[in-house]
Amino acid sequence: MPAGLERLLDDLNPAQREAVTYGEGPLLVLAGAGSGKTRVIAYRIAWLTASQGMSPRNLLAVTFTNKAAGEMARRVEGLLRPVGVGAPLIATFHSACVRILRQHGKHIGLPSHFTIYDEDDRLALVKECMKEGELAERSFTPSGAVHRISYMKNQMISVADALRDARGPWEKKAALVYSRYEKRMKEVGAVDFDDLLLCTVRLYETVPEALAWYRGLWRHMLVDEYQDTNRAQYKMIRLLTAEHRNICVVGDPDQSIYKFRGADIRNVLEFEQDYPGTKVVRLEQNYRSTQRILSLASAVIAHNVQRKDKTLWTENASTRSRRATASHCSPSPPSLRSTSAARPPAGSRSSPGSSASSRPTGPRSRLPR
Ligand SMILES: Nc1ncnc2c1ncn2[C@@H]1O[C@H](COP(=O)(O)OP(=O)(O)O)[C@@H](O)[C@H]1O
Ligand SMILES: [Mg+2]
């Protein structure tokens, strides 16, 4: 191990150390907030590169918000810079997809300078589609239609499926708008945030050479906040790692916050089935909260129906003076701005529109982070 990294493992508790130094193969780290999950990812990246000699090029670490990606990159650079090792690609799902599609999207018919529609562009286009089809009415609002379209995309429901399976007048209208919207997007050569994921999955599913290339490039994949992945993100991860199975995910099954955006808790609950032979590590020591808060949190989450068991404990004294802080941030859209033709390819830190926001309000914000 290079000088400067010998003490790497001293910063970790035994469970974290076990996860960080685990060899090849699927690894599932389960823990509550403040138990060092992100630390495990950062240290594992340092371990794999500086200690095991992997090229940083061959690692991909993904997370959800630009803020989280920036924070992780900062931590990793802090560990690697002193030993002269470069950091790997640490990106949000969306910015990783922009990168992939700018390079290889042409194989699925995307122009290399495709435009990315942001939420405002998307709403404007949906309004136009509704106007054209004379579909606007009080019970069917443009924002309702946008939400529905996004939901369908995240569930990977195609236009044809939506038209075929629509039940009732509301769903029929939504399917019609979806159909028009997709047609218009195609005509102008644009993609929205949801498309970034879907197109990447389509690329991997339909162009074996592209899939093989990325499988060869990213020999290890690490995912933070895995409980927040939706169907398309899940597929992308599966496709990339099905062969080498070097996948490390960390998550808290009790804190999935993106259900409204299609996050699917089954992704965590079924990880061990998806990757037989998974090593599971539970981080049960908490570094942020007092025992009183943890007992409260445990009592609350014990009521969750779909969950994996975990216990929380802390060395922090059980004081009344500490308060669990609630974050009141808005959900984090990938915050890519539109008309990105002139923009440089998105990377982790210079990711498109890095005006990251962090946690939405929701169940998570009521629990200690
Ligand atoms: N082994 C450890 N020793 C000391 N502090 C730790 C340890 N593990 C985590 N921490 C601290 O606990 C806090 C939460 O860690 P983080 O990795 O962000 O947790 P999570 O991602 O699970 O919320 C951070 O301030 C981190 O530095
Ligand atoms: Mg974290």
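For the structure itself, look to the data block above.
Worth saying up front: this structure is predicted, and the values here are computed from it rather than measured.

Calculation rules
Residues numbered from 1 in each chain as written. Chains lettered and ligands numbered in written order. Predicted model: local features only at pLDDT ≥ 70, side-chain atom pairs only at ≥ 80, totals over all residues. Helix = DSSP H or I, 4+ residues; strand = E, 2+ residues; numbered from the N terminus. Buried ≥ 20, exposed ≤ 12 C-beta atoms within 10 Å, placed from the backbone. Contact = placed C-beta atoms within 7 Å. Axes fitted to C-alpha atoms, helices over the stretch in contact; angles between N-to-C directions. Parallel < 35°, antiparallel > 145°, perpendicular 65-115°, else oblique. Left-handed = near helix turned anticlockwise from the far one by under 90°. Nonpolar A, V, L, I, M, F, W, Y, C, P; charged D, E, K, R; others polar. Core = buried A, V, L, I, M, F, W, Y, C linked by C-beta atoms within 7 Å. Domains from an automatic or database assignment. Near = placed C-beta within 6 Å.

Student: Help me understand the overall build of the chain, please; the structure alone is not making it clear to me.
Tutor: From N to C terminus, the chain includes 15 helices and ten strands. By residue count, 44% of the 369 residues in the chain fall in the buried class. At a minimum sequence separation of 6, the contacts of the chain that also span at least 24 residues come to 80%.

Student: How do you make sense of the packing of helix α5 (residues 119-132) against helix α8 (residues 168-188) when you look at a structure like this?
Tutor: Packed helix pairs are characterised by how far apart their axes lie and by the angle those axes make with each other. It is at 9 Å that the axes of α5 and α8 come closest, and there the two elements cross at 120°. With respect to α8, the axis of α5 lies oblique. α8 is crossed by α5, and the crossing has right-handed handedness. Across from L125, V126, C129, M130 and E132 in α5, the residues of α8 making contact are V177, R180, Y181 and R184. Taken together, the residues of the contact of α5 with α8 sort by class into six nonpolar, no polar and three charged.

Student: Even after reading the chapter, I still don't get the environment of Y287, so can you show me in this structure?
Tutor: Within the element layout of this structure, Y287 appears in the loop between β9 (285-286) and α14 (291-301). Residue classification places Y287 among the partly exposed positions, given that 14 C-beta atoms sit within 10 Å. Between the C-alpha atoms of Y287 and A33, which are 254 residues apart in sequence, the distance is 8.9 Å. In contact with Y287, not counting residues within four places along its chain, are G34, S35 and G36.

Student: What am I meant to see in the nonpolar core here?
Tutor: Inside soluble globular proteins, nonpolar side chains tend to come together where they are buried. V29, A46 and V76 are the most contacted members of the largest nonpolar core, which has 87 residues in total. With nine residues, helix α2 (residues 37-51) is the single largest residue contributor to this core. Composition of this core by domain shows at least three residues from each of domain 1 (3-101 + 196-237 + 248-329) and domain 2 (115-188).

Student: Please explain the site of ligand 1 as it appears in this structure.
Tutor: Lining the immediate environment of ligand 1, one finds 14 residues, of which G36, K37, T38, R39 and Y287 sit closest. Top element by residues in the shell around ligand 1 is α2. It accounts for three residues.

Honestly, it's all geometry; don't read function into it.
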